[in-house]
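Analysis of the macromolecular model
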There are 2 protein chains.
Amino acid sequence: MIHSLSLSDLLADHARSRPQVTAVVDGDVRRTYPELDARVTRLADALAGRGVAAGERVVWLGQNSHAVLELLLACSRLGAILCPANWRQSEDELRFVLSDLTPKVVVWEPSDATTAVSESTWVRAGDEYERLVASGSPRDFPQVDDGEPVLALYTAAFDGRPNAALLSSAALVAHSASLLVVRQMEPGFTFLNNGPLFHVGTMMFCLATFQIGGTNVFTPAFDAEEVCRLIDAERVTQAFLFGPMIDAVTAANAGGKYDLSSLRFVSHSAEWDSMITVDGSPWCRSKMGGYGQTEVGGMLTFLGLADGGSGFAGRPSPLVQVRILAPDGTELPPGEVGEICARGKTLFSGYFARPDLNAAKSAYGWHHTGDLGRREPDGTITFIGPKLRMIKSGAENIYPAEVERVLKSHPAVADAAVIGVPDPTWHQAVKAVVALKPDTTATADELVDHVRTQLASYKKPSHVAFVDAIPKRGFTPDYDALDAAHGGGNYPGT
Amino acid sequence: MIHSLSLSDLLADHARSRPQVTAVVDGDVRRTYPELDARVTRLADALAGRGVAAGERVVWLGQNSHAVLELLLACSRLGAILCPANWRQSEDELRFVLSDLTPKVVVWEPSDATTAVSESTWVRAGDEYERLVASGSPRDFPQVDDGEPVLALYTAAFDGRPNAALLSSAALVAHSASLLVVRQMEPGFTFLNNGPLFHVGTMMFCLATFQIGGTNVFTPAFDAEEVCRLIDAERVTQAFLFGPMIDAVTAANAGGKYDLSSLRFVSHSAEWDSMITVDGSPWCRSKMGGYGQTEVGGMLTFLGLADGGSGFAGRPSPLVQVRILAPDGTELPPGEVGEICARGKTLFSGYFARPDLNAAKSAYGWHHTGDLGRREPDGTITFIGPKLRMIKSGAENIYPAEVERVLKSHPAVADAAVIGVPDPTWHQAVKAVVALKPDTTATADELVDHVRTQLASYKKPSHVAFVDAIPKRGFTPDYDALDAAHGGGNYPGT
């Protein structure tokens with residue numbers, strides 16, 4: 001396996017090639033690559049002792065931590081799979097994830113949500129996790145094929161339940177290379193992991209920073225003042241920031257208490273621009289234009305490669321192919337809308353334990369993204385929107401089908417559909433359109449509470465409208481009619 | 001094969017994503033990516049009609065031409081292998097190549113050297129080649145696994161005959177990605193192919209330019225005036241230039257007849273610097289420091305990744321691992337000299353039809369480069385020299401190149417070579433053969449002391465012989481002649 005290059009292999013090389021470089025910073029934790037490599041070896045040995053063999057799953061259930069990267073690398077060393085799970089999930093959602101993945105080990109942070117049980121070994125983050133690491137012994141591990149899955153990220157709740165997209169070392173290494181090319185990331189790159197690591201958007205930068213031998217700084221979650229302090233103290237090059245977060249950081253640094261000049265970021269406001277180093281190049285490291293999804297490892301196309309073209313998703317990464325296909329698998333000419341399909345080095349290995357769905361998603365030998373797009377005459381790609389609609393509220397993706405499933409489980413609900421309505425703060429808010437069963441009653445508050453007990457809070461409807469019947473197109477709600485009647489709009493891609 | 005990405009696949013994507021971009025320029029020839037794609041399809045069909053099936057070989061025998069890239073892409077479309085052969089070879093050398101590869105088709109330029117015959121179909125470059133392309137029909141080809149070899153480059157004449165290193169699409173695509181990262185190559189990149197395409201040094205830039213969707217400009221061979229004209233006319237970003245060629249280009253452009261400002265290149269002389277755009281960044285696109293060989297796809301380590309480290313080969317590309325191994329396969333600690341070994345995405349697939357050599361080169365699961373190196377305490381790599389022969393003294397391995405490097409650093413030494421002579425106690429002893437600079441003196445004891453201060457004591461010469469000049473075979477000492485003249489022998493393995 002001379003051609004194989006797993007995340008574990010990369011770590012082994014960094015430990016040799018970059019002995020003095022700081023790999024991770026997290027509160028009081030500060031470790032070089034050799035220190036990280038030594039801990040990953042111990043952790044892998046300890047996990048193996050808890051039954052984590054090749055192909056087995058480990059779950060991280062908590063906020064951001066250096067332990068996420070450490071567990072991912074230990075899983076890579078074993079040929080196992082890490083799932084950093086969404087800690088904002090409801091207990092019901094979490095139960096589903098655990099029953100779906102049947103992990104051998106769960107490392108968790110105490111919180112109200114984490115009372116779920118399973119057959120797994122449960123290890124508390126912090127002292128108990130440190131004892132687990134210390135219990136492992138240094139030893140050699142056999143080489144792992146880099147085509148084996150190493151990371152599982154839940155996404156794509158097409159039919160009301162999410163699916164775990166499996167990404168191999170080969171795909172992650174290739175995706176990192178594409179980010180390194182397009183963002184022109186360099187040795188010395190320091191990334192602040194302030195977005196959630198259970199999303200590919202933050203994870204992909206964490207891994208690209210790791211690949212170039214840079215420094216990953218972890219903070220549990222977004223806190224404007226702490227972000228300022230860390231950018232200053234660690235000379236952070238890039239963080240996961242957008243609109244409202246940038247405003248919050250700017251406000252937290254009013255008066256220039258912190259030196260944010262190491263941050264090379266997109267222009268935003270005069271005040272922000274005066275604090276940071278504005279990157280106005282076409283390669284702007286923080287300009288996140290393009291099109292992507294978890295299933296392609298992160299980004300499939302980059303605006304930075306548009307080079308004057310009109311499609312606002314830009315052009316494909318240098319490690320993939322993109323085609324716009326009709327439902328029968330034939331290629332559509334420029335100007336026609338079809339499904340964005342892809343092949344290439346960064347693509348996922350299918351969803352965990354979903355053979356039928358995987359077959360459907362790879363029809364005709366192309367990965368079907370489930371998203372609609374169009375190739376412009378200049379060759380660039382325009383993203384149109386999900387084939388099924390998705391609602392975007394803050395940075396979160398909300399799939400109507402998922403909320404509808406919960407609503408329809410309420411005893412008084414006959415049918416329900418969920419749309420997104422424009423929201424001045426969050427881009428969109430969730431609106432439920434509900435038809436009650438004859439001779440039953442339920443208030444809007446009751447239905448919202450019902451959703452809140454079963455899904456993450458951000459998925460609960462902000463608005464509820466009652467109707468006699470949901471308009472249909474075939475078996476599915478007629479979302480266009482619902483939008484027209486109930487004020488829907490602002491969908492991503494429109 | 002959703003993860004496969006061959007050179008042919010990349011061309012198919014460029015034809016869609018970059019319909020207006022000029023792919024190749026060569027004299028009067030100027031073609032966009034869709035035009036190149038259409039010709040490659042016809043050429044592949046025509047080659048298939050001449051027996052070029054998957055795994056078969058095609059030879060290009062001529063100076064640089066757009067046809068080299070076209071033939072390579074057509075071979076990729078078929079799963080076949082292109083060898084751009086060295087047109088400067090003797091007829092005897094060429095006969096060896098043809099009998100070794102048994103190509104189905106040879107495309108050749110008329111010259112005195114090309115009178116060799118074989119069972120192949122011979123097609124003359126130019127009109128006959130154009131008729132071949134025109135004879136093919138547009139059709140679909142089945143997807144080719146990107147792990148299959150597509151390029152053969154002769155190198156590594158270990159035993160007096162060269163071997164054809166086979167590179168797969170996967171390796172070439174990964175190597176191009178590493179060049180795109182380290183050289184920060186961008187869309188719009190225009191490369192002047194003025195070095196020979198039968199060497200990996202030019203071919204790797206041709207392919208990286210292709211991968212980012214840039215423009216490859218071909219010129220048959222280096223001609224200073226023509227290089228100036230092409231840089232000006234095509235707004236060339238980079239060319240394959242070094243010391244004496246840069247002086248020749250500077251002289252050809254005395255008076256500033258041509259505008260060379262598009263060229264972003266390393267600083268060389270005041271006059272050169274005034275003509276071009278000097279790239280002083282650590283990413284300098286034209287700073288070729290590092291270590292490489294054909295068998296790793298081009299570059300294995302890059303000086304641009306040294307980031308202050310002392311080893312002048314820099315650090316490994318982000319897509320490989322490097323280890324310094326002892327002859328028994330164990331890893332050597334920093335500071336000790338051993339063989340530079342590698343694993344990773346850019347590595348070759350072995351030599352064509354050399355099963356025994358391939359097994360030896362991949363001993364212990366690592367590619368053995370045949371070159372000596374040392375890892376510095378800061379993690380960077382120093383390239384010492386070719387392994388060639390090893391001297392065994394007591395239990396110690398001594399590599400001539402390492403001792404020669406130190407001897408040549410003595411101010412009185414013009415040239416030096418080191419051999420092993422039989423020794424009754426130690427099996428072999430180190431003997432230095434030294435040529436002094438005119439009008440200098442140095443005693444044997446002085447030279448031995450000089451080595452002792454810089455290397456482990458067992459590596460110091462026990463014997464010193466002074467000669468007027470070191471006999472050479474190409475650029476390296478002729479060790480057989482030195483052994484015969486100075487009593488060498490008893491080498492391990494003989």
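Per-chain numbering applies: the sequence of each chain, read as written, is numbered from 1 onward. Chain labels run from A onward and ligand labels from 1 onward, assigned in the order the entries are written. This being a predicted model, a pLDDT of at least 70 is required before a residue's local features are given, and a value of 80 or more before pairs of side-chain atoms are given or counted; all residues contribute to the totals for chains, interfaces and linings. Working from all heavy atoms in the structure, the side-chain values ignore hydrogens and water.

Identification of chain A as Long-chain acyl-CoA synthetase from Nonomuraea jabiensis is taken from an unreviewed UniProt entry.

1. Side note on the overall build of chain A
Rule in force here: The way it works is that DSSP assigns letters per residue, a run of H or I at least four long becomes a helix, a run of E at least two long becomes a strand, and they are numbered from the N terminus. Between the two quantities, the radius of gyration covers C-alpha atoms and the globule rule is 2.2 Å times the number of residues to the power 0.38. Buried means the residue's accessible area, taken with a 1.4 Å probe over protein chains only, is under 20% of the maximum for its type, while exposed means over 50%, and partly exposed covers the values in between.
Counting its secondary structure elements, chain A contains 14 helices and 27 strands. Taken over C-alpha atoms, the radius of gyration comes to 23 Å for chain A, in line with the 23 Å a tight globule of 494 residues would show. For chain A, the spread of C-alpha atoms along the three principal axes comes to 70 × 55 × 55 Å. For chain A, the proportion of its 494 residues judged to be buried stands at 61%.

2. Here's the deal with the pairing of strand β14 (residues 290-293) of chain B
Operational definition: Pairing between two strands requires that DSSP report at least two bridges joining them.
Covered by surrounding structure in β14 of chain B are Y291 and Q293 of chain B only, the residues G290 and G292 of chain B on the alternate face being uncovered. Following β14 of chain B, the chain reverses through four residues before pairing antiparallel with strand β15 (residues 298-302) of chain B; G297 of chain B in that reversal takes a positive phi of roughly 85 degrees.

3. Points about the sheet that holds strand β16 (residues 315-316) of chain B
Spatial strand order, β14-β15-β16 (chain B): three strands in an open sheet with antiparallel pairing. Both edges of this open sheet fall to β14 and β16 of chain B, since each of them pairs with a single strand only.

4. A short note on the sheet that holds strand β19 (residues 367-375) of chain B
We apply this condition: For helices, the fitted line uses only the C-alpha atoms of the stretch in contact; every axis is such a line through C-alpha atoms, and the angle between N-to-C directions lies from 0 to 180 degrees. Here, two residues are considered to be in contact whenever any of their heavy atoms come within 4.5 Å of each other.
Ordered in space as β17-β18-β19-β20 (chain B), the four strands form an open sheet in which the pairing is antiparallel. Looking at which strands have only one partner, the edges of the open sheet turn out to be β17 (320-325) and β20 (381-386) of chain B. Direction aside, the axes of adjacent strands within the sheet are offset by 45 degrees on average. Pairing of β19 of chain B with β20 of chain B, which is carried by five bridges, proceeds in the antiparallel orientation. Each residue of the ladder has a partner; that of R374 of chain B, found in β20 of chain B, is T382 of chain B. Lying on the sheet, helix α1 (residues 7-17) of chain A is in contact with β17 and β19 of chain B; it crosses β17 of chain B at an angle near 55 degrees. The strands that helix α12 (residues 400-408) of chain B touches are β18 (337-344), β19 and β20 of chain B; relative to β20 of chain B, the one it contacts most, it runs at about 105 degrees.

5. Let's talk about the pairing of strand β3 (residues 57-61) of chain A
Residues and elements named next belong to chain A. To be explicit about the condition: Looking down the strands as they point away from you, a crossover is right-handed if its path from the first strand over the helix to the second goes clockwise.
With respect to burial, β3 is a largely interior element, five of its five residues being buried. By the alternation rule, side chains of β3 split into R57, V59 and L61 and V58 and W60, which are all buried. Where β3 and strand β4 (residues 81-85) come together, five bridges link them in parallel fashion. Within β4, the position partnered with V58 by the bridge is L82. Handedness of the crossover is the feature at issue here: the chain leaves β3, passes through helix α3 (residues 66-78), returns alongside β4, and the resulting connection is right-handed. Note that β3 and strand β5 (residues 105-108) share four bridges and pair parallel. Looking across to β5, one finds that V59 is bridged to V106.

6. A word on the packing of helix α1 (residues 7-17) of chain B against helix α2 (residues 33-49) of chain B
Residue and element names in this part refer to chain B. Selection rule: The cut-offs work like this: below 35 degrees is roughly parallel, past 145 is roughly antiparallel, 65 to 115 is roughly perpendicular, and the gaps in between are oblique. Left-handed describes a crossing in which the near helix is turned anticlockwise from the far one by less than a right angle; the clockwise case is right-handed. The nonpolar class holds Ala, Val, Leu, Ile, Met, Phe, Trp, Tyr, Cys and Pro. Asp, Glu, Lys and Arg form the charged class, and all remaining residues, Gly among them, are polar.
Running from N to C, α1 and α2 cross one another at 140 degrees; their axes reach a closest spacing of 8 Å. One element, α1, and the other, α2, form an angle in the oblique class. When you trace α1 past α2, the crossing you get is left-handed. When α1 is examined against α2, the residues L11, A12, H14 and A15 are found in contact with a partner set consisting of Y33, P34, L36, D37 and V40. For the contact of α1 with α2, a count of residues per class yields seven nonpolar, one polar and one charged.

7. Notes on the pattern of salt bridges
Close approach of charged atoms allows side chains of opposite charge to pair. Formally: The term salt bridge refers to a pairing of a side-chain nitrogen on Lys or Arg with a carboxyl oxygen on Asp or Glu at a separation within 4 Å.
Applying the stated criterion across every chain, the model contains 45 salt bridges over all chains. Salt-bridge contacts for R31 of chain B lead to E70 of chain B; the nearest nitrogen and oxygen are separated by 3.8 Å. One end of the pair, R31 of chain B, is in strand β2 (residues 29-32); the other, E70 of chain B, is in helix α3 (residues 66-78), with 39 residues separating them in the sequence. For R31 of chain B, a relative accessible area of 14% puts it in the buried group. A residue is classified by how much of its surface remains accessible, and E70 of chain B, at 0% relative accessible area, is buried. When the shortest N-O distance is used, the salt bridge between R264 of chain B and E186 of chain B registers 4.0 Å. One end of the pair, R264 of chain B, is in strand β12 (residues 264-265); the other, E186 of chain B, is in the loop between α6 (169-183) and β9 (190-193), and 78 residues separate them in sequence. Members of the salt-bridge network, linked through shared partners, are R31, R39, E70 and E130 of chain A.

8. Some remarks on the environment of K104 of chain A
Residue and element names in this part refer to chain A. Take K104: it is sitting in the loop between α4 (91-101) and β5. Residue K104 is classed as partly exposed on the basis of its relative accessible area, which comes to 33%. A C-alpha to C-alpha distance of 22 Å links K104 and S6, two positions 98 residues apart in sequence. Setting aside residues no more than four positions away along its own chain, K104 makes contact with R50, G51, V52, E56, R57, S120 and T121.

9. Structural notes on the side chain of Q428 of chain B
Residues and elements named next belong to chain B. Convention followed: Identification of polar contacts relies on pairs of N or O atoms within 3.5 Å, with a donor-acceptor requirement for protein atoms, meaning one able to donate a hydrogen and the other able to accept it, and with residues adjacent in sequence counted only if both atoms are side-chain atoms.
Looking at where Q428 falls in the secondary structure, it is placed in strand β24 (residues 427-436). Looking at Q428, the relative accessible area reads 0%, which means it is buried. In this structure the side chain of Q428 is engaged in a polar contact, spanning 2.5 Å, whose partner is the backbone oxygen of G489. In contact with Q428, not counting residues within four places along its chain, are M390, I391, K392, S393, G420, V421, P422, D423, G489, N490, Y491 and P492.

10. Things to note about helix α9 (residues 243-252) of chain A
Given 3.6 residues to a turn, an α-helix orients residues that are three or four positions apart in the same direction. Residue and element names in this part refer to chain A. Where we set the bar: In this description, one arc is meant: the one made by directions from the helix axis to the C-beta atoms.
For α9, every residue scored as buried is listed here: M245, I246, V249 and T250. Taken around the axis of α9, the buried residues stretch over an arc of 140 degrees, which confines them to a single face. The elements touched by buried residues of α9 are α8 (224-234), β12 (264-265) and α10 (270-275).

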